[in-house]
Amino acid sequence: MKSLLIKYKSVIKFILTFLLVYAVLSVIYKLYLQYSDGSKFYPDYVTHLVSLQSESILNSFGYPTQVLPHPGEPSMKIILNGEFIGRIIEGCNSISVIILFLSFIVVFSGNLKTTFFYILLGSVLIYVVNLLRIVVLTLGLYHYPKYGDLLHTVIFPGIIYGMVFLLWIFWVNRFSKLNKTNA
């Protein structure tokens, strides 16, 4: 057993570090959600902000859009040209994807400054791509409602998670300590 632990020390360290960082950030996020009462920013600040920014982008593209609090659930309704198109829930705000991204980068951290800026820029990129995802998905649901399920469950998750995967690969190959020890 001891020889297996020694042999797979780096794999075990990776898994435990990843799980620890992911668990800590997820608990912090869960506490944030738990204590967001929605009285000022419904359903929570980040989801509310994403909703307003999506509305603004759609309006700037010439699509009259409103986002309104959903009366029956913690989400924001998207109304485009007076038609209810969909809703933005907490899972649409990109925070859980950013937590996943950040956890992986921390496991393969490089120097502190590079790691910090990569996490910052990667998180901003994920956030912006997520906003564009919501906008394009809204337009897709409006113009091609029969493809809504395909767009929402296959294409757009593939794009966002594919981008995160590429950011991870770039990080490991360019900046991580792992790359420097194997060079």
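First, a word on what this report is: a plain description of the structure on this page.

Cut-offs used in this document
Residues numbered from 1 in each chain as written. Predicted model: local features only at pLDDT ≥ 70, side-chain atom pairs only at ≥ 80, totals over all residues. Heavy atoms only, no water. Pairing = 2+ DSSP bridges. Helix = DSSP H or I, 4+ residues; strand = E, 2+ residues; numbered from the N terminus. Axes fitted to C-alpha atoms, helices over the stretch in contact; angles between N-to-C directions. Buried < 20%, exposed > 50% of the residue type's maximum accessible area, 1.4 Å probe, protein only. Expected span 1.5 Å × (residues − 1). Core = buried A, V, L, I, M, F, W, Y, C linked by side-chain atoms within 4.5 Å. Contact = heavy atoms within 4.5 Å.

On to the sheet that holds strand 3 (residues 83-89), then. Spatially, three strands are ordered 1-2-3 in an open sheet, and the strand pairing comes out antiparallel. Looking at strand neighbours, the two that pair on one side only are strand 1 (65-69) and strand 3, the edges of this open sheet. Each strand axis lies, on average, 25° off the axis of its neighbour in the sheet, ignoring direction. Pairing between strand 2 (residues 75-80) and strand 3: six bridges, direction antiparallel.

Here we come to unusual backbone geometry. Following Tyr-42, the chain continues into Pro-43 via a peptide bond in cis, with omega recorded as -5°. Even without being a glycine, Ser-94 presents a positive backbone phi close to 75°. Residue classification places Ser-94 among the buried positions, given a relative accessible area of 2%.

This brings us to helix 4 (residues 95-107). Its 13 residues place the ends of helix 4 18 Å apart at the C-alpha level, agreeing with the 18 Å of an ideal helix rising 1.5 Å per residue. Val-97, Ile-98, Ile-99, Phe-101, Ser-103, Phe-104, Ile-105 and Val-107 are the residues of helix 4 that are buried.

Right, let's get into the nonpolar core. Within the largest apolar cluster, 29 residues are counted, with the highest numbers of intra-cluster contacts made by Phe-101, Phe-104, Ile-105 and Ile-126. Looking at this core, the elements that each hand over two or more residues are helix 3 (45-60), strand 2, helix 4, helix 5 (112-143) and helix 6 (148-174). Ile-126 has contacts with Ser-94, Val-97, Ile-98, Phe-101, Ile-160, Met-163, Val-164 and Leu-167, leaving out every residue within four places of it along the chain. Within the second largest apolar cluster, five residues are counted, among which are Leu-58, Leu-80, Val-135 and Leu-139.

The values reported here are purely geometric and, on their own, carry no functional implication.
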